[in-house]
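So you can see what is in the structure, the chains are spelled out below.
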Amino acid sequence: MTKRYTAAYILNICIFILTLFSTISMIIGFQFMGDIKVLSSKNLAAFRYFTVDSNVLAGLVSLVYLIYMAGNKKDKKSKDSTTSLPPKAMPLWLSLLKLGATTGVTLTMMVTVCFLAPTSSRGFFALFMNSNFFFHFIIPVLCILSFVFCEGSEKKVSFKYTLTGIIPMFLYSIYYTTNILLHLENGKPTNRYDLYGFLGGKLSNAWFVLPAIYLMTWGFSILLWWGNKKLSQKK
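Residues numbered from 1 in each chain as written. Predicted model: local features only at pLDDT ≥ 70, side-chain atom pairs only at ≥ 80, totals over all residues. Heavy atoms only, no water.

Engineer: How should the packing of helix α1 (residues 2-28) against helix α4 (residues 131-149) be read in this particular structure?
Structural biologist: A pair of packed helices is captured by two measures, namely the crossing angle of their axes and the spacing between those axes. The interhelical angle for the contact between α1 and α4, taken along N-to-C directions, is 160°, at an axis separation of 9 Å. Taken together, α1 and α4 sit at an angle that is classed as roughly antiparallel. The handedness of the crossing between α1 and α4 is left-handed. Of the residues belonging to the contact of α1 with α4, the class tally is 15 nonpolar, eight polar and one charged. (Axes fitted to C-alpha atoms, helices over the stretch in contact; angles between N-to-C directions. Helix = DSSP H or I, 4+ residues; strand = E, 2+ residues; numbered from the N terminus. Parallel < 35°, antiparallel > 145°, perpendicular 65-115°, else oblique. Left-handed = near helix turned anticlockwise from the far one by under 90°. Nonpolar A, V, L, I, M, F, W, Y, C, P; charged D, E, K, R; others polar.)

Engineer: I would appreciate a short explanation of empty space enclosed by the protein in the present structure.
Structural biologist: Where empty space is left becomes clear once a probe the size of a water molecule has been rolled over the atoms. Here the structure, examined in full by the defined rule, presents three cavities of 30 Å³ or more. Of the volumes computed, that of the largest cavity is approximately 260 Å³. Lining the largest cavity are 21 residues, with Met169, Tyr172, Tyr196, Phe198 and Ile213 positioned closest to its centre. Elements that contribute at least two residues to the lining of the largest cavity include exactly α2 (50-79), α3 (92-119), α5 (167-181) and α6 (206-232). If you tally residues by element for the lining of the largest cavity, the top one is α5, at six residues. When the residues that make up the lining of the largest cavity are grouped by side-chain class, the tally is 16 nonpolar, five polar and no charged. Reported here for the second largest cavity is a volume of approximately 80 Å³. Surrounding the second largest cavity, 13 residues form its lining, Ile36, Ser40, Met129, Asn130 and Ser131 being those nearest its centre. For the lining of the second largest cavity, the elements supplying multiple residues, two or more each, are α1 and α4. Looking at the lining of the second largest cavity, its residues break down into six nonpolar, six polar and one charged. (1 Å grid on protein atoms, 1.4 Å probe; cavity = no way out; pocket = protein on both sides within 12 Å on 5 of 7 lines; lining within 4 Å. Points joined across faces, edges and corners; volume = space filled by probe spheres on them.)

Engineer: Any chance you could explain the nonpolar core here in plain terms?
Structural biologist: The nonpolar side chains of soluble globular proteins are, as a tendency, buried together. Counting residues in each nonpolar core, the largest one holds 46 residues, and the members touching the most others are Leu39, Tyr65, Ile139 and Tyr196. Where this core is concerned, the elements lending two or more residues are α1, α2, α3, α4, α5 and α6. Leu99, Met109, Ile144 and Val148 belong to the second largest nonpolar core, which has six residues in total. (Core = buried A, V, L, I, M, F, W, Y, C linked by side-chain atoms within 4.5 Å. Buried < 20%, exposed > 50% of the residue type's maximum accessible area, 1.4 Å probe, protein only.)

Printed below as a string of structure tokens:
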């Protein structure tokens, strides 16, 4: 368990640092892999993308994890000066935060790999350049590895809690849909506000696109929950 705790700690430090670097880079327009700007915006406009929002959430949750676990370890040492064992597992509330954040970035990565990148007019790898290299690939992979293999929960996380994985996407979908409805042109959504092109110019598509995204998100949440239950709990 100590090795897993150490690995989780290192992974969460990397997640937080890379999230901070990538977010600042996108906001200020820092291009370190060529002048390619796909699903990218400067200043606060960057936060209109679920990619950025989900990764920032993951970075903040990793920071909470680091602070909580460090404090927990310190408390253990103060109670028993003869041992310096690290905390063995997360409390339920932190496990649920981790599940929600990891589900969000998993959705970001999989939608990019399976839908956005293959249909991009700029080419597949254009969506993995600059900050998006970390947002769409590195940070999600680190989050999945840490949650599934290293971050055990001190209490059993029952199946019903997999629904918490949908919350970040559900909240974002309210903003996304509302923004489209407020900026219709001749009763149709525009690419400027349908950022990911999910509706394909037809507002009626929302009736099956939104449920499909919710189900997909829940599916990822279930897989992460199952992986965490089977792998991170092993001694």
